[in-house]
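# Structural overview for review
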Amino acid sequence: MATLAGKQISQNGLGLMRLIWHYGPTPDEKAFRVLKTALSAGANVWNGADFYGLPNNNSLHLMNRYFTAYPEDAEKVVFTVKSGLVDMKTFTMDGSRNGLRAFADNTLKILDGKKKIDIFGLGRVDPDVPIEESVKALAELRVEGKIGGIQMSEVRADTIRRAASVTKIDMVEAEVSLWSREVFENEVAEACAENDIVLVAHTPLGAGMLTGSIKTVDDLPQTHHRTVPRFQPESIAQNRLLVEQLERFAESKGCTAAQLALTWLKVQSRKPGMPFIVPIAGARSEERVLENMADIELDDTDLERIQSILDNYPVAGARYPPAAARLIEY
C-alpha cells in the first residue's frame, strides 16, 4: 500500500470532473450517492480541480457540500486539487509564487474548513516560470499547513526529476490507459518510481472509448472531446478496431472492457521499476462505480495477449488539439 498526505490509499480512485463539468452538474443527491459508494468500495483518492465547473460551482464547492453532509468522511478521503489555470480559452497558466498562493487561498476559502487540501499543484506547468520556482512555492504552502502534499500534471521525466531535487513531490497525474501508454516509454513512470511518487492515471478509460460506448462521433457528448484528434471520424474508425479486440478478450475473461482496462493499469505497478499507480475513472452512477472497482485476474499469458492486441492495433490521433497540446510536455 502507498500513502498520500499521510493517508493509506488503494489503487482505486475517483475522478470528479464528470460529476460537475461538461455533462452539467449532477444533482447533489445523486452525486453524494456516487461519492459515498466510491468511498465504501475503497476508492479514497478523489481527484478534482478548481477549474472543473464554474467559478461558483466547481469540484471544490461539491466537496464543501458533500463534507458538510458527511463530515465523518473528510479524513477518509485524499482530495487532490489541480490549479494554476488563469484562462481556459487561452490555456494561460500562473505558476508563480504569488499566483499559487492566491489559488491555494481561494481553494481554502471555498472548502471553508469542511475539507483539507490533501494534495495541491499545477494542472499544467507554466512555461514562463521555472518548475523549481513553482514547487518551491508549493513547498512553502506545505510547511505552512495550507496543503498536505504537492502534485504535478502532464510533465516529462526531466521536469519530475528537477522538481524532486528541490522538494518532495507526492503525486504526478498523467493520462495513462491502454491507448495512452506514453509514461511507460518516456521514463515518466520510472522517474516517479525513483522518487517514490504516486502516479495517478487520469482518463484511464479513454473518455469512454475503452468502455465500448463510443462507436461514432455521434456517441460523443457535447464536450471538448469533439475537438480532440483521437475522436475525429477517421480516428474513431481505426480506434474501434483496437476496442473491438479488447472487448472480445474481456468477454473471454468474463468481465467488462472497463474492468479489463483498469485492471491492466493497476497490474503495471507490479512490474520492476514501476510506481504505485492509481486510476481515477469518473462515474455518474453507483453502478458504474462498482463496475470500475471490481478487479479481475490477469496472468502473464493474459498480459501477453493484451500486448499483442496493442501492438497490432495502433492508436490513431493525438491526445489533445494543438492549442491545449502546447502545455503538454510530451
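So, here is what we can say about the structure in this document. As the structure is a prediction and not an experimental result, all values here were calculated from the model. (Residues numbered from 1 in each chain as written. Predicted model: local features only at pLDDT ≥ 70, side-chain atom pairs only at ≥ 80, totals over all residues. Heavy atoms only, no water.)

## Brief notes about the overall build of the chain
For the record, the criterion: Where helices and strands are cited, they refer to DSSP runs of H or I of at least four residues and of E of at least two residues respectively, numbered from the N terminus. Each radius of gyration is computed over the set of C-alpha atoms, and the globule rule expresses the reference value as 2.2 Å times the number of residues to the power 0.38. Only protein chains enter the area calculation, which uses a 1.4 Å probe; residues under 20% of their type maximum are buried, those over 50% are exposed, and those in between are partly exposed. Should any heavy atoms of two residues lie within 4.5 Å, those residues are counted as being in contact. Areas reported as accessible are Shrake-Rupley estimates using a 1.4 Å probe. Residue values count occlusion only from the protein chains shown.
The helix and strand inventory of the chain stands at twelve helices and 14 strands. Taking 330 residues into account, the globule formula puts the C-alpha radius of gyration at 20 Å, and the chain, at 19 Å, falls close to it. Across the 330 residues that make up the chain, the buried fraction comes to 56%. A sequence separation of at least 24 residues applies to 75% of the contacts in the chain between residues at least 6 apart. Put simply, the chain shows about 13,700 Å² of open surface, and 50% of that area lies on carbon and sulfur atoms.

## Overview of the side chain of Asn44
Topologically, Asn44 is positioned in the loop between α2 (28-40) and β4 (45-49). Residue classification places Asn44 among the buried positions, given a relative accessible area of 9%. Not counting the four nearest positions on each side in its chain, Asn44 is found in contact with Gln8, Ile9, Ser10, Asn12, Leu39, Lys76, Val77 and Val78.

## Quick notes on the pattern of salt bridges
Test applied: Here a salt bridge means any side-chain nitrogen of Lys or Arg lying within 4 Å of a carboxyl oxygen belonging to Asp or Glu.
A full pass over the atoms with the stated rule returns 28 salt bridges. Measuring nitrogen to oxygen at the nearest pair gives 3.5 Å for the salt bridge that ties Lys76 to Asp73. Note on Asp73: relative accessible area 2%, which makes it buried. One continuous salt-bridge network, built from bridges that share partners, spans Lys7, Glu75, Lys115 and Asp118.

## Overview of helix α11 (residues 300-312)
Owing to its 3.6 residues per turn, the α-helix aligns residues three or four sequence positions apart on the same side. Note the threshold: Multiplying 1.5 Å by the residue count of a helix minus one yields the expected span of that helix. Directions are taken from the helix axis to each C-beta atom, and the arc is the one they span. Think of a polar contact as two N or O atoms within 3.5 Å of one another; within protein, one of them needs to be a possible hydrogen donor and the other a possible acceptor, and neighboring residues in sequence only count if both atoms come from side chains.
The end-to-end C-alpha separation of α11 is 18 Å, in line with the 18 Å expected for 13 residues at 1.5 Å each. Listed in full, the buried residues belonging to α11 are Asp302, Leu303, Ile306, Ile309 and Leu310. Take α11 and look down its axis: the buried residues cluster within an arc of 120 degrees, on one side only. Projecting away from the buried face of α11 at angles above 90 degrees are the exposed residues Asp300, Thr301, Glu304, Asp311 and Asn312. Residue Asp299 occupies the N-cap position of α11, its side-chain oxygen lying 3.1 Å from the main-chain nitrogen of Thr301.

## Things to note about helix α6 (residues 157-164)
Restricting attention to buried positions, one finds in α6 the residues Ala157, Thr159, Ile160 and Ala163. In an axial view of α6, the angular spread of the buried residues amounts to 165 degrees, which keeps them on one side of the axis. Turning to α6, the residues buried within the fold contact α5 (131-143), β11 (150-153), β12 (171-175) and α7 (188-194).

## As for the packing of aromatic side chains
Rule in force here: For Phe, Tyr and Trp, where Trp contributes only its six-membered ring, two rings pair if their centres lie within 6.5 Å, and the inter-plane angle classes them as stacked under 30 degrees, edge-to-face over 60, or tilted in between.
Enumeration over the complete set of coordinates arrives at eleven aromatic pairs. Centroid distance Trp46 to Phe67: 5.9 Å. Interplanar angle 25 degrees. Geometry classified as stacked. With Trp46 in strand β4 and Phe67 in helix α3 (residues 59-69), the pair connects residues that are 21 residues apart, well separated along the chain. Taking 5.6 Å as the distance between ring centres and 70 degrees as the angle between the ring planes, the aromatic pair formed by Trp179 and Phe231 counts as edge-to-face. Pair noted here: Trp179 is in the loop between β12 and α7 and Phe231 is in the loop between β13 (198-202) and α8 (233-253), with a separation of 52 residues, a long-range link. Neither Trp179 nor Phe231 differs from the other in exposure class; each is buried.

## Section: a negative patch on the surface
What counts here: A patch is a set of surface residues, each over 30% in relative accessible area and not in a salt bridge, joined within 9 Å for like charges and within 5 Å for the nonpolar side chains Val, Leu, Ile, Met, Phe, Trp and Tyr. All tallies of charge rest on Lys and Arg as positive and Asp and Glu as negative; His and the ends of each chain are not included. Charge coordinates come from a single atom per side chain, which is NZ of Lys, CZ of Arg, CG of Asp or CD of Glu.
A surface patch of like charges, here negative, comprises Glu297, Asp299, Asp300 and Glu304. Relative to the helices and strands, Glu304 resides in helix α11.

## Let's talk about unusual backbone geometry
The phi dihedral of Phe91 falls on the positive side, at around 55 degrees, and the residue is not glycine. Assignment of secondary structure puts Phe91 in the loop between β8 (85-87) and β9 (92-93). Judged by its relative accessible area of 22%, Phe91 falls in the partly exposed class. Of note, the phi angle at Asp112 is positive, near 55 degrees, even though the residue is not glycine.

## Quick look at the packing of α5 against α6
Helix packing for two helices is described by the angle between their axes and how far apart those axes are. Formally: Comment: axis = line fitted to C-alpha atoms, over the contacting stretch for helices; angle = value between 0 and 180 degrees taken between N-to-C directions. Between 65 and 115 degrees an angle is taken as roughly perpendicular, under 35 as roughly parallel, over 145 as roughly antiparallel, and anywhere else as oblique. What makes a crossing left-handed is the near helix being turned counterclockwise from the far one by less than a right angle; a clockwise turn instead makes it right-handed.
Here α5 crosses α6 at 50 degrees, and the two axes come no closer than 9 Å. Between α5 and α6, the angle is such that the two are oblique. Considering the relative orientation of α5 and α6, their crossing is right-handed. On α6, the residues touching Ile131, Glu132 and Val135 of α5 are Thr159, Arg162 and Ala163.

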